[in-house]
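Structure assessment
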Number of protein chains: 2
Amino acid sequence: MKTRTNNPPIGIFDSGLGGLTVYRELRKILPSENIIYFGDTMRVPYGNKSTESIKIFSSEISQFLLSLGVKMIVVACNTVSSTSLDIIESITKLPVVGVIEPGVKLAIKKSKNKKIIVIGTRATVNSHSYKNKIEENDPTIDVIEKACPLFVPIVEENFVNHKASLLIADEYLGEFKSKDYDTIILGCTHYPLIKNLIKKVLSDINIIDSSKACAGYVKDILTNNNMLSKNDGDGWTDFYVSDKPQNFMELAYRLAGVKICKINIKRF
Amino acid sequence: MKTRTNNPPIGIFDSGLGGLTVYRELRKILPSENIIYFGDTMRVPYGNKSTESIKIFSSEISQFLLSLGVKMIVVACNTVSSTSLDIIESITKLPVVGVIEPGVKLAIKKSKNKKIIVIGTRATVNSHSYKNKIEENDPTIDVIEKACPLFVPIVEENFVNHKASLLIADEYLGEFKSKDYDTIILGCTHYPLIKNLIKKVLSDINIIDSSKACAGYVKDILTNNNMLSKNDGDGWTDFYVSDKPQNFMELAYRLAGVKICKINIKRF
């Protein structure tokens, strides 16, 4: 039994289970960290909801994680990272890490011709958070953004390999075929599961997975601030959700290969 | 200006905007009724959420409608009608009408060979509410149920006429082609918008629109209980939502041809 005092966990949250792709990457590179994951399955998805509501949800969840004594907050959700980092930073002095900045830095490094596509939910795309952050880093980069709202249900309903999904991917991304964008940012934590689908439409493109980039960023911050776990062996994980739907365990496993044995319910 | 006292409105609610298809039918046949519509856009969709959560949401919304002085509650949502009528009936003695019973009665009337398909969200199908209600009325009827979770996003994202949607419809419904089911119940308020898609897969089938059936049922109850509106002319409508997403007005118009000029926000 690991001691829970004096070795505070990382708090990580998402609108639902998509953020488990970030959790999985964190677990790979930081095995000894204690982690609390929260998925707002009661109000999922956030992607088509208003910025005002997303800010309220983000604030409630952050306050809940802080009440559990986390040492940092990882926002494993592109929609929240795009709209609500400011509200979270206003309620804590602990480090707050979203997925936008890590993804942007990696994309800029990878793009040779300075032409980048960003795909995500409607809320993420409408926020222009990726575009703004890219231009803040390098104003000479050409950025095009595209909302792809059907990709999340396609992943959740296990239609990724269905021929209908290729038609949908072609509808969303086909317009970029003849253009010379060399890099695409997956601005949604569900999208790593449709990498192969994207490659079928845009074969020669660098695919930037914000989940992976985010995990590396978290490790850097913990290392640089001397905040790494003091566990000798593996850390523990506590999973919380605001609603436990019937296909929860199966979805967690399919999305991120995460086997969840025990789940806690925290309603708002 | 219509007087609001002594002429109480009908209260109608849905998980989001799909229930506007029921509202539209009500408006057609009961133009002089005052109506309050509530859409739980903050927590939409309900279809993949747990029964426990749906009961909590339904109770909160019903209590809100009752606080506004409604004379009856119309549950314009198949998922709520399937899982939570009991909880609503436990908090009020006013008439509570769901979409299941009206849809079932119409389907039984239409089916010649007593073979009925029911399609809906995962929560509706898992509740077996349609199957149970049909068998309660006529145990000799053969009922098959099928969850079609991608139909809602297809409607909401305006992909109904896209060739990908026909492939998805064929994936869900193709298995019934060679069988002799003669009637299909649209067990979700979004599905009237995919009638043509269903006809392409199952060409010779009676399509039962629960929204229409429900509106007729409401009129009967008001008439039989001497509860019809005392307005001389047209009644008023107040729209409430728990979140106002960016594509709200456009979606309301596309789903149900309803032009909403003023919207009130009620959060939970």
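The model shown is predicted, which means the values in this text are computed figures rather than measured ones. (Residues numbered from 1 in each chain as written. Chains lettered and ligands numbered in written order. Predicted model: local features only at pLDDT ≥ 70, side-chain atom pairs only at ≥ 80, totals over all residues. Heavy atoms only, no water.)

1. Topic: the overall build of chain A
The line we're drawing: Working definition: helices are DSSP H or I runs of at least four residues, strands are E runs of at least two. Numbering for both runs from the N terminus. The globule rule is 2.2 Å times the number of residues to the power 0.38, and the radius of gyration it is compared with is taken over C-alpha atoms. Per-residue accessibility, obtained with a 1.4 Å probe over protein chains only, is compared with the maximum for each type, and a residue is labelled buried under 20%, exposed over 50%, and partly exposed between these values. The contact criterion used throughout is that any non-hydrogen atoms of two residues lie within 4.5 Å. For accessible areas, the Shrake-Rupley method is used with a probe of radius 1.4 Å. Any residue's cover is judged against the shown protein chains and nothing else. His residues and chain termini do not enter the charge count, which takes Lys and Arg as positive and Asp and Glu as negative. Throughout, a charge is located at the NZ atom of Lys, the CZ atom of Arg, the CG atom of Asp or the CD atom of Glu.
Secondary structure summary: chain A contains 12 helices and 10 strands in total. Taking 2.2 N^0.38 as the reference for a compact globule, 268 residues should give roughly 18 Å; the C-alpha atoms of chain A span a radius of gyration of 18 Å, in line with that estimate. Along the three orthogonal principal directions, the C-alpha set of chain A runs to about 55 × 40 × 35 Å. Classification of the 268 residues of chain A by burial places 59% in the buried group. Long-range contacts, defined here as pairs at least 24 residues apart, represent 75% of the contacts in chain A between residues at least 6 apart. Looking at chain A as shown, the accessible area adds up to about 10900 Å², and 49% of this sits on carbon and sulfur atoms. Positive and negative side-chain charges in chain A, numbering 35 and 29 respectively, have mean positions lying 4 Å apart.

2. Focus: helix H2 (residues 51–67) of chain B
Residue and element names in this part refer to chain B. The line we're drawing: One less than the number of residues in a helix, times 1.5 Å, gives the span that helix is expected to have.
End to end, H2 covers 24 Å across 17 residues, agreeing with the expected 24 Å (1.5 Å per residue, within 8%). Of the residues making up H2, those classed as buried are Ser-53, Ile-54, Phe-57, Ser-58, Ser-59, Ile-61, Ser-62, Phe-64 and Leu-65. In the segment just after H2, Gly-69 is the residue with positive phi, at about 80°.

3. Some points on empty space enclosed by the protein
Quick note on the threshold: Points on a 1 Å grid, built from protein atoms alone, make a cavity when a 1.4 Å probe fits but cannot get out and make a pocket when they are open with protein on both sides within 12 Å along at least 5 of 7 lines; residues with an atom within 4 Å of a point are the lining residues. Grid points are joined across faces, edges and corners, and a volume is the space filled by probe spheres set on the points. Residues are grouped as follows: Ala, Val, Leu, Ile, Met, Phe, Trp, Tyr, Cys and Pro are nonpolar; Asp, Glu, Lys and Arg are charged; every other residue, Gly included, is polar.
According to the stated counting rule, one finds 2 cavities of 30 Å³ or more in the structure shown. Its volume calculated, the second largest cavity comes out at about 30 Å³. Surrounding the second largest cavity, Gly-47, Asn-48, Lys-49, Arg-122 and Ala-123 of chain A together with Pro-245, Gln-246 and Asn-247 of chain B form its lining. Tallied by class, residues from the lining of the second largest cavity come to 2 nonpolar, 4 polar and 2 charged.

4. Some words on the confidence of the model for chain A
Quick reminder of the rule: A score from 0 to 100, pLDDT tells how confident the predictor is in each residue.
Looking at chain A as a whole, the pLDDT averages 94, with 98% of positions reaching at least 70. Two summary scores accompany this predicted model of the complex, namely pTM at 0.92 and ipTM at 0.91.

5. So, the interface of chain A and chain B
A common measure of how large an interface is: the accessible area buried when the components associate. Basically, it comes down to this: In this description, buried area is defined as the sum, over both parts, of the accessible area (probe of 1.4 Å) that is lost when the two are combined. The term salt bridge refers to a side-chain nitrogen of Lys or Arg lying within 4 Å of a carboxyl oxygen of Asp or Glu.
Listed per partner, the contact involves 34 residues of chain A and 34 residues of chain B. Roughly 2800 Å² is buried in total at the junction of chain A and chain B, and carbon and sulfur atoms are behind 57% of that figure. There are 4 salt bridges connecting chain A and chain B. We note a salt bridge from Arg-267 of chain A to Glu-52 of chain B, for which the minimum N-O separation is 3.6 Å.

6. Quick look at the packing of aromatic side chains
Note the threshold: Aromatic rings from Phe, Tyr and Trp, with only the six-membered ring used for Trp, were paired whenever their centres fell within 6.5 Å, and each pair was classed as stacked if the ring planes differed by under 30 degrees, edge-to-face if by over 60, and tilted otherwise.
Going through the model one piece at a time under the given rule, you end up with 24 aromatic pairs over all chains. Taken together, a centroid distance of 5.7 Å and an interplanar angle of 70° make the contact between Phe-38 of chain A and Phe-268 of chain A edge-to-face. Linking Phe-38 of chain A in strand E2 (residues 35–39) with Phe-268 of chain A in the segment after strand E10 (264–265), this pair joins segments that are 230 residues apart in sequence. In this structure Phe-38 of chain A comes out as buried when scored by relative accessible area, which is 0%. With 6.4 Å between their ring centres and 85° between their planes, Phe-64 of chain B and Phe-268 of chain B make a pair best called edge-to-face. Of this pair, Phe-64 of chain B sits in helix H2 while Phe-268 of chain B is found in the segment after strand E10 (264–265), placing the two residues 204 residues apart along the sequence. Looking at Phe-64 of chain B, the relative accessible area reads 11%, which means it is buried. Classification of Phe-268 of chain B by relative accessible area gives partly exposed; the value is 31%.

7. A word on the domain arrangement of chain A
Residues and elements named next belong to chain A. Spelled out, the test is: Where each domain begins and ends is defined by an automated method or by a domain database. We define a polar contact as two N or O atoms separated by no more than 3.5 Å, with the added condition that, inside protein, one atom must be a possible hydrogen donor and the other a possible acceptor, whereas residues neighbouring each other in sequence contribute only through side-chain atom pairs.
When its domains are assigned, chain A resolves into domain 1 (10–99 + 212–265) and domain 2 (100–210). For domain 1 versus domain 2, the separation of C-alpha centres amounts to 22 Å. Both faces combined, the contact of domain 1 with domain 2 buries some 2000 Å², and carbon together with sulfur accounts for 54% of it. Contact with domain 2 buries area across many residues of domain 1, yet Asn-78, Val-99 and Arg-254 alone supply 28% of it, more than any other trio. At the surface where domain 1 touches domain 2, the tally comes to 0 salt bridges. Linking domain 1 with domain 2 are 18 residue pairs in polar contact (both at pLDDT 80 or more), by the criterion used here. Going through the elements one at a time, helix H1 (20–29), helix H3 (78–83), helix H11 (210–224) and helix H12 (248–256) are the ones with two or more residues in the side of domain 1 that touches domain 2. The dominant element in the side of domain 1 that touches domain 2, judged by the number of residues it contributes, is H3, at 5 residues. Per-class residue counts for the side of domain 1 that touches domain 2 are 11 nonpolar, 11 polar and 4 charged.

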